[in-house]
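Notes for the structure review
Listed below are the residues making up each chain.
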Amino acid sequence: MGDVNEIGSNPVTPRTASVAPTPPISAPPSQFHSPSLSRSPLLSSADHIQPANKTPKNSTPRIRTPRFITPLGSPIRRALKLTRLDPHDAWLPITESRNGNAYYAAFHTLCSGIGIQALVLPVAFTILGWTWGIINLTLAFIWQLYTLYLLVQLHESTETGMRYSRYLQLCSVTFGEKLAKWLALFPIMYLSGGICVALVIIGGSTSRMFFDIICGGKCTAQPPTTVEWYLIFTSAAVLLSQLPNLNSIAGVSLIGAVTAIGYCTIIWVVSVVEGRMPGVSYNPVKGDTEVTRIFEILNALGIIAFAFRGHNLILEIQATMPSDEKHPSRVPMWKGVKVAYTLIAMCLFPLAIGGYWAYGQMIPSGGMLTALFAFHGEDTSKFILGLTSLLVIINSLSSFQIYGMPTFDDMESIFVRRMKKPLPWWLRAIFRATFGYVCFFIAVAMPFLGSLAGLVGGIALPVTLAYPCFMWLKIKKPKVFSPTWWLNWVLGALGMALSGLLIAASLYVLIDSGIDASFFNPH
């Protein structure tokens with residue numbers, strides 16, 4: 001035999017005349033998919049020989065450099081996969097800090113879930129009456145609590161490893177990006193920016209009332225006008241909005257939660273203690289025609305639906321928490337939600353029932369706060385009236401921060417994704433100040449926005465009661481015709497149908513009864 005020529009740069013290694021075939025590699029079945037083994041562990045070693053004309057990049061055999069130690073490889077990979085995040089999230093206000101906990105979740109949920117809109121609930125009772133008012137309020141509370149539970153469970157996917165930190169992001173994954181913008185973008189943006197506009201109106205008007213109570217007609221100085229009070233409130237809200245991220249306003253949300261519970265409790269307790277108004281009636285208001293009656297009932301349902309808000313913020317609140325395979329964020333989040341909604345129920349039901357008992361059909365369209373000053377402004381101490389007004393102002397300032405945060409996040413994400421760097425502090429201040437004063441301008445231009453509660457409730461209703469059911473069906477894929485499948489399909493379809501009916505009914509009532517559309521003339 002002639003000499004054998006070796007091709008390549010590897011050092012010549014003495015070889016035996018004949019090489020026996022290497023037996024197949026064997027491994028226990030549990031290690032077949034371990035990262036320390038090749039993808040095909042039963043291939044013979046001959047299949048892994050490098051071509052002789054290439055110099056290997058690493059002289060160490062592949063099998064001796066596993067990415068993870070074999071017994072821990074799979075759990076570690078799953079844990080890392082579960083916490084996959086968008087790298088831009090570290091620069092955005094909602095996800096910039098992820099050290100939240102159940103207490104923070106309770107503060108944020110309570111601050112966003114209860115507000116001035118709850119004071120209008122007795123107005124719905126004037127149309128529905130005692131029995132149907134209580135039944136519908138109870139069913140709406142259970143329904144929205146169930147959809148809230150679905151959103152908490154959908155926040156993180158164990159299959160894809162993604163955390164859906166924003167409501168619109170989860171909608172895009174479920175319905176597709178184009179359809180999600182049609183279905184959810186306007187309601188979500190309205191629930192952020194629209195509520196901030198309403199808070200400017202409420203905060204500014206209540207500040208004027210607080211000033212009148214404190215002065216008592218004895219002040220010689222010229223009091224600010226309503227527009228100036230709007231501007232004062234907006235400036236305070238803009239100053240407070242400079243806190244950088246959602247976790248940094250946990251203390252603000254705590255103050256907002258305490259003040260909301262405070263003024264709700266004061267208003268219904270004072271109304272009940274003062275007793276029923278003379279000549280009070282509990283007969284439901286009936287329209288002239290059957291069609292009018294039906295639309296008024298639907299409008300009342302819209303008012304009840306609008307009382308439950310904050311679902312558009314649940315995923316954002318949960319995004320502030322750390323999460324891994326052993327300690328998923330849904331556990332502390334749900335604990336915080338249960339505490340928050342227990343307190344919300346303790347405020348909403350006494351407000352609706354106590355307010356309707358005290359005022360009946362006499363309750364003004366402005367709700368309980370207007371009734372308190374209209375019927376008990378003279379026989380209630382100025383301290384109680386002043387304290388109630390102050391609590392409403394502080395709560396409005398606090399709620400402005402958490403409802404403005406999704407808009408802040410959206411504005412900053414445009415810069416972050418284009419420039420690939422975090423937003424400078426001075427530009428962040430300009431963005432947030434711009435948003436605040438745009439809300440001020442809209443509040444001055446449309447001071448009648450609060451009278452559109454029924455219409456707004458109908459538009460935002462799918463975000464609260466329908467979309468979570470459809471998202472659960474699409475992502476979790478429960479067994480067809482199972483109880484869970486039926487429940488979510490029925491609730492989702494009912495929510496969408498109810499939304500359309502409420503929008504139509506609200507428009508009919510507004511056209512039929514009219515609206516004081518005083519553009520650029522706040523009272």
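What counts and what doesn't
Residues numbered from 1 in each chain as written. Predicted model: local features only at pLDDT ≥ 70, side-chain atom pairs only at ≥ 80, totals over all residues. Heavy atoms only, no water. Helix = DSSP H or I, 4+ residues; strand = E, 2+ residues; numbered from the N terminus. Buried < 20%, exposed > 50% of the residue type's maximum accessible area, 1.4 Å probe, protein only. Contact = heavy atoms within 4.5 Å. Areas by Shrake-Rupley, 256 points an atom, 1.4 Å probe, with all protein chains shown as cover. Phe/Tyr/Trp six-rings, centres within 6.5 Å; stacked < 30°, edge-to-face > 60°. Salt bridge = Lys/Arg side-chain N within 4 Å of Asp/Glu carboxyl O. Lys, Arg positive; Asp, Glu negative; His and termini not counted. Polar contact = N/O pair within 3.5 Å; in protein donor to acceptor, adjacent residues only side chain to side chain. Expected span 1.5 Å × (residues − 1). Core = buried A, V, L, I, M, F, W, Y, C linked by side-chain atoms within 4.5 Å. Patch = residues over 30% accessible without salt bridge, like charges linked within 9 Å, V, L, I, M, F, W, Y side chains within 5 Å. Axes fitted to C-alpha atoms, helices over the stretch in contact; angles between N-to-C directions. Parallel < 35°, antiparallel > 145°, perpendicular 65-115°, else oblique. Left-handed = near helix turned anticlockwise from the far one by under 90°. Nonpolar A, V, L, I, M, F, W, Y, C, P; charged D, E, K, R; others polar.

Regarding its fold elements, the protein chain presents 15 helices and zero strands. When each of the 523 residues of the protein chain is scored for burial, the buried share is 48%. Of all intrachain contacts in the protein chain linking residues separated by at least 6 positions in sequence, the fraction that spans at least 24 positions is 83%. Accessible area of the protein chain: about 26400 Å², with a carbon and sulfur share of 66%.

Taken as a whole and assessed by the stated rule, the structure comprises 19 aromatic pairs. Aromatic ring contacts, followed pair by pair, group F470, F481, W485, W486 and W489 into a single cluster.

Moving on: the pattern of salt bridges. Going through the model one piece at a time under the given rule, you end up with eight salt bridges. Close ionic contact of R166 with D89 constitutes a salt bridge, the shortest N to O distance being 3.6 Å. Of this pair, R166 sits in the loop between α3 (121–154) and α4 (167–175) while D89 sits in the loop between α1 (70–82) and α2 (102–113), placing them 77 residues apart in sequence. Measuring nitrogen to oxygen at the nearest pair gives 4.0 Å for the salt bridge that ties E96 to R428. Residue E96 is found in the loop between α1 and α2, and its partner R428 is found in helix α13 (residues 425–445); the two are separated by 332 residues along the sequence. A network of salt bridges, in which partner residues are shared, links D89, R98, R166 and D409.

So, on to the side chain of R163. By the secondary structure assignment, R163 is in the loop between α3 and α4. Among buried Asp, Glu, Lys and Arg side chains, R163 stands out as unpaired, with E156 the closest opposite charge at 4.0 Å. Among the polar contacts made by the side chain of R163, one reaches the main-chain carbonyl oxygen of Q318 at a distance of 3.1 Å. A distance of 2.9 Å separates the side chain of R163 from the backbone oxygen of M321, its partner in a polar contact.

Okay, helix α6 (residues 226–240) next. Residues spaced three or four apart along an α-helix point in a common direction, a consequence of the helix completing one turn every 3.6 residues. Its 15 residues place the ends of α6 21 Å apart at the C-alpha level, agreeing with the 21 Å of an ideal helix rising 1.5 Å per residue. Three or more residues of α6 are buried, namely T226, W229, Y230, F233, T234, A237 and V238. Buried-residue contacts for α6 involve α5 (177–215), α12 (382–419) and α13.

The subject of this paragraph is the nonpolar core. With 121 residues, the main nonpolar core has L119, Y167 and Y263 as its most contacted residues. The element contributing the most residues to this core is α3, with 15 residues. Residues contacting Y167, with those up to four places away along its chain left out, are L151, I188, H311, N312, L315, E316, P462, V463, Y467, P468 and M471. Formed by five residues, the second largest nonpolar core is a distinct cluster that contains L92, F415, L423 and L427.

With that settled, consider unusual backbone geometry. Located in the positive-phi region is K420, a residue other than glycine, with phi close to 60°. Mapped onto the elements of the fold, K420 is located in the loop between α12 and α13. Overall, K420 belongs to the exposed group, its relative accessible area being 54%. In this structure, K477 takes a positive phi of about 50° despite not being glycine. Here K477 shows up in the loop between α14 (453–476) and α15 (483–513).

Further remarks concern the side chain of T380. Note on placement: T380 falls in the loop between α11 (368–376) and α12. Polar contacts involving the side chain of T380 include one to the main-chain carbonyl oxygen of H376, which spans 2.8 Å. Apart from residues no more than four positions distant in its own chain, T380 is found in contact with V270, E274 and L385.

Among the secondary structure elements, L168 is positioned in helix α4. L168 sits in the partly exposed class, given a relative accessible area of 26%. For the pair formed by L168 and L185, sequence separation is 17 residues and the distance between their alpha carbons is 6.9 Å. Beyond its immediate sequence surroundings of up to four residues, L168 is in contact with A180, A184, L185 and I188.

Our next topic: a nonpolar patch on the surface. Taken together, the side chains of V480, F481, W486 and V490 make up a nonpolar region of the molecular surface, amounting to roughly 430 Å² of accessible area. For F481, the location among the structural elements is in the loop between α14 and α15. For F481, a relative accessible area of 57% translates into the label exposed.

A few words now on the packing of α11 against α12. Put simply, α11 and α12 touch, their axes get as near as 12 Å, and they point 160° apart. Here α11 lies roughly antiparallel to α12, going by the angle between them. The crossing of α11 and α12 is left-handed. On α12, the residues touching L369, L372 and F373 of α11 are L385, T388, S389 and V392. Among the residues forming the contact of α11 with α12, the class breakdown is five nonpolar, two polar and no charged.

Bear in mind that shape data such as this cannot, by itself, settle questions of function.
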